[in-house]
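These are the residues of each chain, in order.
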Amino acid sequence: MKNRTNALADRLERGARKLANLASALTTAEWESPLPRDGRKIGVVVHHVASVYPIEIQLAQTIASGKPVEGVTGDDIDIMNAGHAKENDAVTKEETIDLLRRNSAAAAAAIRALTDDQLDNAAPASLYSDAPVTTQFVLEDHAVRHSYHHRARIERTLKEKTR
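Residues numbered from 1 in each chain as written. Predicted model: local features only at pLDDT ≥ 70, side-chain atom pairs only at ≥ 80, totals over all residues. Heavy atoms only, no water.

A.B. asks: Teacher, can you tell me more about the pattern of salt bridges here?
C.D. replies: Any two side chains of opposite charge can pair, so long as their charged atoms come close to each other. For the structure on display, the rule yields 11 salt bridges. Among the ionic pairs, Asp98 bridges to Arg102, the shortest N-O distance being 2.9 Å. One end of the pair is Asp98 and the other is Arg102, both in helix H5 (residues 93-112) and 4 residues apart, which spans about a single turn. Note on Arg102: relative accessible area 46%, which makes it partly exposed. Salt bridges sharing partners connect three or more residues here, namely Asp10, Glu13 and Arg112. (Salt bridge = Lys/Arg side-chain N within 4 Å of Asp/Glu carboxyl O. Helix = DSSP H or I, 4+ residues; strand = E, 2+ residues; numbered from the N terminus. Buried < 20%, exposed > 50% of the residue type's maximum accessible area, 1.4 Å probe, protein only.)

See below:
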């Protein structure tokens, strides 16, 4: 039975699809608008979500294999995100949506390849102060949640601009 992995993969795909639909409907001005308190352009944030699926899945697969995640901190993620923003400042909507679709499909397939036992594996993760966390937690906190989190921030920003 793959009910849990299928449910996780379905939630990831649903979130990615909703983010892709939102991104598709953005005007050029909206795509280029910075997010408050973040500073990154909306388009860069959508590209960020698309581009980190492989990393998020790799972290989960490490835990799934029973190995600890070492050397990854919140500061490292902030540095990675800042570098991504600089390197992708002029990213296009079309290439971003294509990347989002490809990487979310690959992430969902990787999740579906896991077993329930692997979802339940726990290992220390430096990103969580070396607390032992399960594969399912890592997936839900990163790959599955990511598109929902940023879509909500983008929608709030767009709503505030129309007031």
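A.B. asks: Quick question: what am I supposed to make of the pairing of strand E1 (residues 122-125) here?
C.D. replies: Moving residue by residue along a regular strand, the side chains alternate between the two faces of the sheet. Bridging between E1 and strand E2 (residues 131-134) involves 4 bridges; their strand directions are antiparallel. Looking at the pairing, Ala122 lines up with Thr134 of E2. Turn length for the E1-E2 hairpin, with the two strands adjacent in sequence and antiparallel, is 5 residues, and the turn residue Ser129 shows positive phi of about 55 degrees. (Pairing = 2+ DSSP bridges.)

A.B. asks: Help me out: how do you make sense of the nonpolar core in this one?
C.D. replies: Soluble globular proteins: nonpolar side chains tend toward being buried together. Leu12, Tyr53, Leu100, Ile111, Leu139 and Ile154 are the most contacted members of the largest nonpolar core, which has 45 residues in total. Of all elements in the fold, only helix H1 (3-25), helix H3 (42-64), H5, E1 and helix H7 (135-161) reach the threshold of two or more residues within this core. Not counting chain neighbours up to four residues away, the residues in contact with Leu12 comprise Tyr53, Ser104, Ala107, Ala108, Ile111, Ala143, Val144 and Ser147. (Core = buried A, V, L, I, M, F, W, Y, C linked by side-chain atoms within 4.5 Å. Contact = heavy atoms within 4.5 Å.)

A.B. asks: Honestly, the packing of aromatic side chains in this entry has me stumped. Any pointers?
C.D. replies: The way to describe two aromatic rings as a pair is by their centre distance and the angle between their planes. Tallied over the full model, the rule gives 1 aromatic pair. Where Tyr128 meets Phe137, the ring centres are 5.1 Å apart and the plane angle is 70 degrees; that geometry is what we call edge-to-face. Exposure remark for Phe137: the relative accessible area of 35% places this residue in the partly exposed category. (Phe/Tyr/Trp six-rings, centres within 6.5 Å; stacked < 30°, edge-to-face > 60°.)

A.B. asks: Where do I start with the packing of H1 against H5 in this structure?
C.D. replies: The angle between the axes and the distance between the axes are what describe a pair of packed helices. With their axes 8 Å apart at the nearest point, H1 and H5 run at an angle of 175 degrees to one another. Judged by the inter-axis angle, H1 sits roughly antiparallel to H5. Here H1 contributes Thr5, Asn6, Leu8, Ala9, Asp10, Leu12, Glu13, Ala16, Leu19, Ala20, Ala23 and Ser24 to the contact with H5, which in turn contributes Lys93, Ile97, Leu100, Arg101, Ser104, Ala107, Ala108, Ile111 and Arg112. Residue composition of the contact of H1 with H5, grouped by class: 12 nonpolar, 4 polar and 5 charged. (Axes fitted to C-alpha atoms, helices over the stretch in contact; angles between N-to-C directions. Parallel < 35°, antiparallel > 145°, perpendicular 65-115°, else oblique. Nonpolar A, V, L, I, M, F, W, Y, C, P; charged D, E, K, R; others polar.)

A.B. asks: Just to check I follow, could you spell out the environment of Val138 for this structure?
C.D. replies: Within the secondary structure, Val138 is located in helix H7. Overall, Val138 belongs to the buried group, its relative accessible area being 4%. Spatially, the C-alpha atom of Val138 lies 9.7 Å from that of Ala122, the residues being 16 residues apart in sequence. Sequence-distant contacts of Val138, defined by excluding residues within four places in its chain, comprise Leu59, Ala60, Ile63, Val133 and Ala143.

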